[in-house]
Amino acid sequence: MDFSFLQTRIIKPLVPFLSFSLLLFTIIPPPAHASIHIYIADTFREVGNAFLLPGGSEGLLSAASSSLHDGHSFIRFENITFWRTQASADEHSDMEHSTGLVQVVIFEAADRNNIGGSAYGGQRSICCTPDLAKLEGCKQGEVIRIPSATDIDWPIVLNVQFGGNSLITNMVNADVPITKTGMYNLFFMACDPKLKGLVMSGKTMWKNPDGYLPGRMAPLRKFYVYMALAYLVLSVIWLIQYIRFWKDILQLQHCITAVIALGLFEMILWYFEYANFNNTGMRPVVITTWVVTVGAIRKTISRILILSISMGYGVVRPTLGGLTSKVILLGVTYFLASELLDITEYVGTVNDISGRARLFLVLPDAFLDAFLILWIFTALSKTLEQLQAKRSSVKLDIYRKFSNALAVTVIASVAWIAYEVYFKATDPFNERWQSAWVITTFWDVLAFALLCVICYLWAPSQNSQRYAYSEETGEEFDEETQSLTRGKPEGDVSLVKLEKKEKDTDNTDVSDEDDTEEDKRE
């Protein structure tokens, strides 16, 4: 399997992009945490005794909790328009003042039980019923609102009225200030049965003190700065060795170079994607698609690299032989599955996609990861057996370190998946949104750590080429006295030499005995 194309088709074209991105990264200051939710003819659905349309859910910070006291948090309503059906409008005359009520409800997750109620321990209702009107003192035909224990003005309920037999009504543009940090939910509700089929258009702007980036995503912008710096340091260290021993570079090390370059490029792109999102409140489809595509390529090449190393490519064997086509096919399949999942999850979206859709897309990706892990450890076991049989102690030591690193990575991954399931299962209302960003970033940190281990074990050196293929080319090279990555003696060299001398002495004695026997015959 020849990875030389990576050098000409991936690494070289990336150089100008990396240079330009790094230049922007250094000269442009970080832009000024929320998002913009757009509704285009969204239809209300019937839930219990109400018609309901979710308007969004975001973590918002109060100005006092922001590190930069340069703004304030709010939810802004712009161009909100409601349409009711013609049949509903025809039931009223144009002389009537109020012929349909739509209510806009905003509440913090901790106050979710302050919306709705139940009479005599029965089913919970959103809208006030005759029984609840007697018990709770609510107004029949409106949403039940119980004042919060911490602020009697919350939850917020805004009323929008239809007039006469009009089909359309507009909500006055308004800002709702946020003075307390929390996870806020917005719902548009209607209790009038005649408003069945209600449709809404418009947009809401959710802004934190420092920008439009949603609160749960705000720490990611700084995280990708640190990750880009970490990849930059790794790139510099690797590049020094790469240039220093250019003539002895293995194809395997070309592939490692490509993964490092893609990782750096991906981290820089993620930073600018979040910075743009923070400035504008929108996620442009083209930019986000480009970012997730680079990420999918990086993840695919990383996994193929680990699989190839486990098969002994570049160290034990110069090619993968008949397995090349299978490895490439697996790589293409994994790229498509990863690309589809990431595009659906990130491109043009702010809220999480529905559970069923995400589960449907996660399953192929998870299955391919499991298959790759099984294949990697199977191949690694065979490579270790081969090296042990050949008594290649230095290579065997490197592969044992590599297998230990892989084992730790898999164990950490399984443990983190279990924690992620626990985290989400115990936080159904996203009240721990301020720490949710750690769930995503763990995988980037783990991938970077494993890449560092690979770079350490297979760093370029003056003996890389000769050492790696000494067995295949038939060169007389004592691999027990040379390291693949450092070119320094390792192990007890004198013991090896002593064993060789003993073998040579034994051979000499046998030869002398043969000569004596031949002389006697003569």
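Residues numbered from 1 in each chain as written. Predicted model: local features only at pLDDT ≥ 70, side-chain atom pairs only at ≥ 80, totals over all residues. Heavy atoms only, no water.

## A word on the UniProt feature "transmembrane region" (unreviewed entry) in the protein
Following the UniProt record, the feature "transmembrane region" (unreviewed entry) maps to residues 223-243, 255-272, 284-306, 357-381, 402-423 and 435-459 here. Its end C-alpha atoms 33 Å apart, residues 284-306 is made of 96% helix and 0% strand. As a span, residues 402-423 carries 100% helix and 0% strand, and end to end its C-alpha atoms are 31 Å apart. (UniProt positions renumbered as here; feature names shortened; annotations may be inferred. Helix = DSSP H or I, 4+ residues; strand = E, 2+ residues; numbered from the N terminus.)

## Section: the state of the cysteines
For the structure on display, the rule yields two disulfides. Two residues, Cys 127 and Cys 191, share a disulfide whose sulfurs are 2.0 Å apart. On the sign convention where negative means left-handed, the S-S torsion of about -85 degrees between Cys 127 and Cys 191 marks this disulfide as left-handed. Here the residue Cys 127 occupies a position in the loop between β5 (100-108) and α3 (130-136), and Cys 191 occupies one in the loop between β9 (182-190) and β10 (199-207), the gap between them amounting to 64 residues. For Cys 127, a relative accessible area of 2% translates into the label buried. Disulfide pairing is shown between Cys 128 and Cys 138; the S-S distance is 1.9 Å. (Disulfide = S-S within 2.5 Å. Buried < 20%, exposed > 50% of the residue type's maximum accessible area, 1.4 Å probe, protein only.)

## Focus: the sheet that holds β9
Pairing is antiparallel in the open sheet, where five strands are placed in the order β2-β3-β9-β5-β6. The outermost strands of the open sheet, each flanked by one partner alone, are β2 (45-47) and β6 (156-162). Adjacent strand axes in the sheet meet at a mean angle of 35 degrees, parallel and antiparallel pairs treated alike. The pairing of strand β3 (residues 50-60) with β9 spans nine bridges and is classified as antiparallel. Residue pairing for β9: Ser 57 is matched across the bridge by Asn 185. (Pairing = 2+ DSSP bridges. Axes fitted to C-alpha atoms, helices over the stretch in contact; angles between N-to-C directions.)

## Things to note about the pairing of β5
Of all nine residues making up β5, nine are buried, and the element is well covered by its neighbours. Both faces of β5 are covered, namely the face carrying Gly 100, Val 102, Val 104, Ile 106 and Glu 108 and the face carrying Leu 101, Gln 103, Val 105 and Phe 107. Where β5 meets β6, seven bridges bridge the pair, whose relative direction is antiparallel. The partner of Val 104 across the bridge, within β6, is Leu 158. Sheet topology places β5 next to β9; six bridges connect them, and they run antiparallel. Each bridged residue has a counterpart across the sheet, and for Val 104 the counterpart in β9 is Phe 188.

## Re the pattern of salt bridges
What the rule picks out here adds up to 13 salt bridges. Arg 112 serves as the salt-bridge partner of Glu 431, at 3.3 Å between the closest nitrogen and oxygen. Of the two residues, Glu 431 is situated in the loop between α9 (393-425) and α10 (437-457) and Arg 112 in the loop between β5 and α3; the sequence distance between them amounts to 319 residues. Here Glu 431 falls in the partly exposed class, since its relative accessible area comes to 39%. Across the pair Lys 299 and Asp 342 runs a salt bridge, and its minimum N-O distance is 3.0 Å. (Salt bridge = Lys/Arg side-chain N within 4 Å of Asp/Glu carboxyl O.)

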